[in-house]
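Structural features, examined
One letter stands for each residue in the lines below.
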Amino acid sequence: MRGRFAPSPTGDLHLGGARTALCAWLSARKSASSFVLRVEDLDRPRCSARAETSILSDIRFLGLDWDEGPDVGGPHAPYRQSERSARYAEVRDRLLDEGRAFYCFCSRAEVARAAGAPHGPGDDGPRYPGTCRTLSPAEIAERMKTRSPSVRLRVDPERIDWIDEAHGAQHEDVSQTVGDFVIARSDGVFAYQLAVVVDDADMRIEEVVRGDDLSSSTARQILLYRALGRGAPKFAHVPLVLGADGTRLSKRHGDIGLTALRARGRSAPSIIGALAASLGLCEPGDQIHPRDLLSRFSFSSLPRAATVLDPACVQGNCVAPMAPSGVSVKPLDAGAVQVTFTGSAGAIYQLQSSADFHGPWSDLAAVTADDKGVCVYVDADAANHPTRYYRALIPVAP
Ligand SMILES: [Zn+2]
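Counting restarts for each chain, with residues numbered from 1 along the sequence as it is written. Since the coordinates come from a predicted model, pLDDT governs what is reported: local features require at least 70, and pairs of side-chain atoms require 80 or more to be given and counted, while whole-chain, interface and lining totals use all residues.

**Focus on the packing of helix 3 (residues 85-97) against helix 7 (residues 192-202)**
Helix 7 packs onto helix 3 with a crossing angle of 100° between their chain directions and a minimal axis gap of 10 Å. The angle between the axes of helix 3 and helix 7 places the two elements in the roughly perpendicular class. The residues of helix 7 that touch helix 3, namely those facing Arg 87, Tyr 88, Val 91 and Arg 92, are Leu 194, Ala 195, Val 198 and Asp 202. Ten residue types, Ala, Val, Leu, Ile, Met, Phe, Trp, Tyr, Cys and Pro, are classed as nonpolar, four, Asp, Glu, Lys and Arg, as charged, and the remainder, Gly among them, as polar. Classifying every residue of the contact of helix 3 with helix 7 by side-chain character gives 5 nonpolar, no polar and 3 charged. Every axis in this analysis is a line fitted to C-alpha atoms, fitted for helices over the stretch in contact. Angles between the N-to-C directions lie between 0 and 180 degrees. Secondary structure elements follow DSSP: runs of H or I of four or more residues count as helices, runs of E of two or more count as strands, with numbering from the N terminus. Should an angle lie under 35 degrees it is considered roughly parallel, over 145 roughly antiparallel, and from 65 to 115 roughly perpendicular; all remaining angles are considered oblique. Whether two residues are in contact is decided by their C-beta atoms, placed from the backbone, lying within 7 Å.

Pasting the structure below:
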């Protein structure tokens, strides 16, 4: 399964990104396949060459290698999205010519008003109501005089089914969730969905391994593969590493970048050991090289929930699971919930409804505790994604 890791150079590689890279590498190398490193730097203002250099250096430091990438080249170069715009434009124009995509002159505010809803699932705004689907060539020409259009893929009602290697059977009717979606913005920037599908198709990627936060993109991307006349790769969405407040790792959780860990003298085998232990692939405290994990790795045995990182442990240079006690759950206004517990070193942590969980925690489905940890199940945005539950797992230390 030819695989890839595709980081965005917007900052240092953190433990969550490193863990995703490890999973992607293990799956590709386990089948003796090649591994591609691609830099997703479409969001130019937030990306930097310094961050790209640092991320590549950190991945290599961990013992993960690649056969094709921006630094080593390869048959499908270039491997930076910022250098591939001509290719995205070609695909956009082809989809427009074939009638699979159309020009849209709506502003975000107009889409929101027409849809009658301020927010849709995820960060993609409300469902597009189809306003510009049937504009005539004359109407398009007239509107072009005063506004630059975005380009949307035409999405017809249909249930899309697929198997996620880590989560099992999934389905979504994109016409009911996001509707016709943007593939090129009105300012000329290509949408992530288009760029990633064109790249993975062109680079002959057979298996896409990435973080759970991108799971909601899958159905849209399958539609794009179809529109391009290409078969979709396999998808595996691996659990995220979250801060103790239940949100994605960022600077506010302390200096948890690989660069900082290296500067503090952490060795690659100890970091790989900690990441692998958090995935159940070795014992906490083991020091290990990625190649020694090859025979142990499978998506079906990975934890499905996010790992919550104990900041006290990060400061102490470990990625140890937390031993919670005194767990309590309190319903908040607007359907949110707050879970409070005491972590290691007596610190009190709170998990609370968060935009990082793709919508309101509309319903607390369950809280369970066993020898593996405390699981908080929340039914996120149940109206739009009835099959999706988000779960924060606070592992109990062995
Ligand atoms: Zn429109």
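**Brief notes about the sheet that holds strand 3 (residues 101-104)**
As summarised here, the arrangement of the 3 strands in space is 3-4-7, forming an open sheet in which the pairing is antiparallel. Looking along the sheet, the strands with just one partner apiece sit at the ends: strand 3 and strand 7 (181-184). Looking at each pair of strands side by side, their axes are set apart by 45° on average, direction ignored. Between any two strands, at least two bridges found by DSSP are needed for them to pair. Pairing of strand 4 (residues 150-153) with strand 7, which is carried by 3 bridges, proceeds in the antiparallel orientation.

**Structural notes on unusual backbone geometry**
The amide bond that connects Ala 77 to the next residue, Pro 78, takes the cis arrangement and shows omega of 0°. Assignment of secondary structure puts Pro 78 in the loop between helix 2 (49-61) and helix 3.

**Describing the nonpolar core**
Any set of buried Ala, Val, Leu, Ile, Met, Phe, Trp, Tyr and Cys residues joined through C-beta atoms within 7 Å is what this text calls a nonpolar core. Counting other C-beta atoms within 10 Å of each residue's C-beta, where C-beta atoms are placed from the backbone, gives the exposure class: buried for 20 or more, exposed for 12 or fewer, partly exposed between. By size, the foremost hydrophobic cluster in this structure holds 54 residues, and its most contacted members are Ala 18, Ala 21, Leu 22, Trp 25, Ile 272, Leu 275 and Ala 276. Beyond its immediate chain neighbours, meaning those up to four positions away, Trp 25 contacts Phe 5, Phe 35, Leu 64 and Pro 290. One finds Tyr 88, Val 111, Ala 184 and Ala 219 within the second-largest nonpolar core, a separate group that totals 31 residues.

**Focus on helix 8 (residues 218-227)**
By the criterion of burial, helix 8 is predominantly enclosed, with 7 of the 10 residues buried. Turning to helix 8, its buried residues number three or more, namely Ala 219, Arg 220, Gln 221, Ile 222, Leu 223, Leu 224 and Ala 227.

Fair warning: the whole summary comes from geometry, so function is off the table for now.
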